[in-house]
Amino acid sequence: MQAAAPHPVPDRRGENFYACDDQLQALLPLYLAPDVLGHMTPHFTRLGELAGGRLDDLAGIADRNPPTLQMRSRSGLDEQRVLKHPAYVEMERLALSEFGLGAMSHRTETLGWHGPMPPIVKYVLTYLFVQSEFGLCCPVSMTDSLTRTLRKFGDPELVRRYLPRLTSLDFDELAQGAMFMTEQAAGSDIAATATSARRDENGDWRLHGDKWFCSNPDADLAMVLARPDGAPDGLKGVSLFLLPRRLPDGSANRYRIIRLKDKLGTRSMASGEIRLEGAVAYLVGEPGRGFVQMADMVNNSRLSNGVRAAGLMRRAVAEAEFVARERRAFGRPLQDMPLMRRQLDKLRVPAEQARTMVFQTARALASSDAGEPDAYALLRILTPLIKFRACRDARKVTGDAMEVRGGCGYIEEWSDPRLLRDAHLGSIWEGTSNIVALDVIRAIKRENSLPVLKAHNLALLDGTDLAPDYAQALRLALEGACMLAQAAARDGGEVLARQAASALYHCTSAIAMSWEAVSTGSADRLRWAQLALRHRVLPRDPLATGELPESWR
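Residues numbered from 1 in each chain as written. Predicted model: local features only at pLDDT ≥ 70, side-chain atom pairs only at ≥ 80, totals over all residues. Heavy atoms only, no water.

**Looking at unusual backbone geometry**
Put simply, the test is: Per-residue accessibility, obtained with a 1.4 Å probe over protein chains only, is compared with the maximum for each type, and a residue is labelled buried under 20%, exposed over 50%, and partly exposed between these values.
The phi torsion at Asn 216 lies on the positive side, around 55°, for a residue other than glycine. Owing to a relative accessible area of 3%, Asn 216 belongs among the buried residues under this scheme.

Right, here's the structure in full:
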């Protein structure tokens, strides 16, 4: 009996997103201790299996069935509820309870590992999870970041009251977090915050005002910026408050969700507008230092944004590679055609740059939390770098990868449209591209981060055996990027901020990828690093062939 011909429309469903990712498996031993990696490999494998099957199905269902806002109960009581599709609730259970993504950085035991969990573990799990579901990773990140900020700045009594639920893995008991920052008139200008905080007759803080864009609006706890009565104008008058959804007696706090947003992407997760009507809130940290304290939460969320962008690109590239391998046209697989090989490389380079920057930044976070010298300065510049560039790259990579699938890639039954829609949010959340590029310059001015970043890159280069001409090209490019960044940091130089941020990102990622390539023996990774330098940093004649120099090999 003649065997059936392979179906002409290849479908990747059912692949294990961890088991099929050779680059990820090769890189992990560079960044995780052997005992941690050995313990976590079964969990990475399990999540990879879920992401390639059940989780992806749930994400598609939740995307097509967004949450709705119930204003009153059926008996007429004012009981606001965000009604979530069961598929989204099941994804919440997987992320927050089974894998503990929102709590693992604040527990002494997660997934059977006793002791603090390295940040890289959380970000690898997030990297796998987000390849199927992007929207839920926002509440996961905010829960993690809120807990970090509360532990760092909160009054001990406040920490004692709320930390147990924030770190619980019991799905019926755990608390989710959010941050309500954005106002219509203020936007990214936190100094223009108009929400007010007043003490009542009992000495409790009461918040009044509107917050314009609040993701996860029915979260159990939210961090809110507000201006106490009598506080000065500008940033020095803004304080940080913890806002509970329900008060200690179980009653609802005095704020309302006015409506839910109808968004381009992240449709599975609710975002809404909040009106604070005398809501009880608790001061976090010192009065007047709200922006500084919230910045810690925002920076943690920005790193998560970069991780999510990297995950989206990995999924888009993996889908394109699968189609190119399995689809035949004109008598041969697409991947054997020169133009397709070139197109795939143009997708892989930014995706692999982002993956490397995730690992480099997560390692800097671990070093910073351990109090290592210069680690905080390195973290302060790597975080906005990955948020700025990786999130912008994800928009193009997801769009170009869609083209490889052809007409099917434009159909909502496939993952491509969801990836494309979700990718556009990364450049807006937690600061638009201009704001984040300027934060790179702020890190240079306030934390003296540039010489630390340069020294970090040179240390990687010094420990890597590369062709002399290629190593010299990396050194010269790094020197030029640093000079550009110095110019951007001078008075009147902020117009160069985006250009400088891109240059630092590309040089740093190319150097780190080269170090990874030599350490793992990956010829592909070295070639992608060289392509990043050749096509994203160095001057290039648009009429030239664009081949890599022979002397780099």
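Further notes follow.
**A closer look at the packing of aromatic side chains**
Rules: Aromatic pairs are defined between Phe, Tyr and Trp rings, using the six-membered ring for Trp, whenever the two ring centres lie within 6.5 Å; interplanar angles under 30 degrees are classed as stacked, those over 60 as edge-to-face, and all others as tilted. Helix and strand assignments come from DSSP, with helices taken as H or I runs of at least 4 residues and strands as E runs of at least 2, each series counted from the N terminus. We count a charge as sitting over a ring when the NZ of a lysine or the CZ of an arginine lies within 6 Å of the ring centre and within 35 degrees of the ring normal.
Overall, the coordinates contain eight aromatic pairs when judged by the stated rule. Taken together, a centroid distance of 5.6 Å and an interplanar angle of 45° make the contact between Tyr 18 and Phe 44 tilted. One end of the pair, Tyr 18, is in the segment before helix H1 (22-31); the other, Phe 44, is in helix H2 (residues 34-51), with 26 residues separating them in the sequence. Both residues of the pair, Tyr 18 and Phe 44, count as buried. Ring centres of Tyr 162 and Tyr 282 lie 6.4 Å apart, and the angle between their planes is 45°; on these two criteria the pair is classed as tilted. Highlighted residues: Tyr 162 in helix H7 (residues 156-166) and Tyr 282 in strand E11 (residues 271-284), separated in sequence by 120 residues. Accessibility expressed as a relative area gives 12% for Tyr 162, which makes it buried. Linked through ring pairs, Tyr 31, Phe 359 and Trp 515 together constitute an aromatic cluster. Over the aromatic face of Tyr 282 sits the side chain of Arg 161, whose NZ or CZ is 5.0 Å from the ring centroid. The side chain of Arg 308 reaches across the aromatic face of Phe 134, ending 5.8 Å from its centre.

**Some words on the packing of helix H5 (residues 119-129) against helix H8 (residues 290-326)**
In plain terms, the rule: Simply put, an axis is a line fit to the C-alpha atoms, just over the touching stretch for a helix, and the angle between two N-to-C directions goes from 0 to 180 degrees. Roughly parallel means an angle under 35 degrees; roughly antiparallel means over 145; roughly perpendicular covers 65 to 115; every other angle is labelled oblique. Helix crossings are classified by the rotation of the near helix relative to the far one: an anticlockwise turn of less than a right angle makes the crossing left-handed, while a clockwise turn makes it right-handed. Contacts were defined at the residue level, with two residues in contact if any of their heavy atoms lie within 4.5 Å. For this classification, Asp, Glu, Lys and Arg are treated as charged, while Ala, Val, Leu, Ile, Met, Phe, Trp, Tyr, Cys and Pro are nonpolar and the rest, including Gly, are polar.
Closest axis-to-axis distance for the H5/H8 pair is 8 Å, and the angle between their directions is 45°. Taken together, the axes of H5 and H8 are oblique relative to one another. For the pair H5 and H8, the sense of crossing is right-handed. Residues Tyr 123, Thr 126 and Tyr 127 of H5 form the contact with H8, whose participating residues are Asn 300, Leu 303, Val 307, Ala 310, Gly 311 and Arg 314. Tallied by class, residues from the contact of H5 with H8 come to five nonpolar, three polar and one charged.

**What to know about the UniProt feature "domain: Acyl-CoA dehydrogenase/oxidase C-terminal" (unreviewed entry) in the protein**
The following threshold applies: UniProt positions are given in the numbering used here, feature names are shortened, and annotations may be inferred rather than shown by experiment.
Mapped onto this numbering, the UniProt entry annotates "domain: Acyl-CoA dehydrogenase/oxidase C-terminal" (unreviewed entry) at residues 288-444. As a span, residues 288-444 carries 77% helix and 3% strand, and end to end its C-alpha atoms are 24 Å apart.

**Some thoughts on the pattern of salt bridges**
Filter applied, for reference: For this document, the term salt bridge refers to a Lys or Arg side-chain nitrogen within 4 Å of an Asp or Glu carboxyl oxygen.
Overall, the coordinates contain 50 salt bridges when judged by the stated rule. The salt bridge partner of Asp 57 is Arg 13, with a shortest N-O separation of 2.3 Å. In this pair, Asp 57 sits in helix H3 (residues 54-64) while Arg 13 sits in the segment before H1, placing the two residues 44 residues apart along the sequence. A relative accessible area of 34% means that Asp 57 is categorised as partly exposed. The closest approach of N and O atoms between Asp 218 and Lys 84, which form a salt bridge, is 3.8 Å. Pair noted here: Asp 218 is in the loop between strand E7 (205-215) and strand E8 (221-228) and Lys 84 is in the loop between strand E2 (81-83) and helix H4 (86-98), with a separation of 134 residues, a long-range link. On the basis of relative accessible area, Lys 84 is assigned to the partly exposed category, the value being 25%.

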